[in-house]
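Summary of structural features
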Amino acid sequence: TPGFHPVTANQVVASIAVTPATPAIDIGDTAQAVATATLTPSGSKIVTNAATWTSSAPAIATVSQAGVITGVTAGVATITATYAGQSGNTVATIS
């Protein structure tokens, strides 16, 4: 049909949110971070295990590729999850 454009199931990742927003972690303890992708045109999807995780300060807090943050020494580190070209982060305080 001319001019007919079917709706496709293709969804685009619009943004990534990382929770908890500001985890407080004791030295030697861990916390699980979760990455959630907001999709366009609608919906969301947990992408914790598919995201690439990085820490701005691995000497303060490390993060596994499953999103587990480990407190190493006192300080603050930004934990970032990247998925499908989008990134989100949380700021972990280690004490």
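Parameters at a glance
Residues numbered from 1 in each chain as written. Predicted model: local features only at pLDDT ≥ 70, side-chain atom pairs only at ≥ 80, totals over all residues. Heavy atoms only, no water. Helix = DSSP H or I, 4+ residues; strand = E, 2+ residues; numbered from the N terminus. Rg over C-alpha atoms; globule rule 2.2 N^0.38 Å. Buried < 20%, exposed > 50% of the residue type's maximum accessible area, 1.4 Å probe, protein only. Contact = heavy atoms within 4.5 Å. Areas by Shrake-Rupley, 256 points an atom, 1.4 Å probe, with all protein chains shown as cover. Pairing = 2+ DSSP bridges. Axes fitted to C-alpha atoms, helices over the stretch in contact; angles between N-to-C directions.

Our next topic: the overall build of the protein chain. Each helix and strand in the protein chain was counted, giving 0 helices and 10 strands. Element order for the protein chain, N to C, with α for helix and β for strand: β-β-β-β-β-β-β-β-β-β. Against the globule reference of 12 Å for 95 residues, the protein chain gives a C-alpha radius of gyration of 17 Å, more extended than a compact globule. Its C-alpha atoms give the protein chain principal-axis dimensions of roughly 65 × 15 × 15 Å. Out of the 95 residues in the protein chain, the part that is buried amounts to 32%. Of the contacts made within the protein chain by residues no fewer than 6 positions apart, 46% connect residues no fewer than 24 positions apart. When the accessible surface of the protein chain is split by element, carbon and sulfur atoms take 58% of a total near 5400 Å².

To continue, consider the sheet that holds strand β2 (residues 24-25). An order of β2-β10-β9-β6 is seen for the 4 strands of this open sheet, with the pairing classed as mixed. Either end of the sheet is taken by a strand with one partner, and the two such strands are β2 and β6 (52-55). Of the pairings in the sheet, the one linking β6 to strand β9 (residues 75-83) comprises 4 bridges and is antiparallel in character. Its bridge partner lying in β9, Ser 55 is registered against Ile 79.

Let us now look at the sheet that holds strand β1 (residues 12-19). Across the sheet, which stays open at both edges, the 3 strands sit in the order β1-β4-β5 with antiparallel pairing between neighbours. Looking at strand neighbours, the two that pair on one side only are β1 and β5 (44-46), the edges of this open sheet. On average, each strand axis in the sheet is inclined to that of its neighbour by 25°, with strand direction left out of account.

Right, let's talk about the environment of Thr 62 for a bit. Inspection of the secondary structure puts Thr 62 in strand β7 (residues 61-63). In this structure Thr 62 comes out as partly exposed when scored by relative accessible area, which is 32%. Between the alpha carbons of Thr 62 and Ile 79 there is a distance of 8.4 Å; along the sequence they are 17 residues apart.

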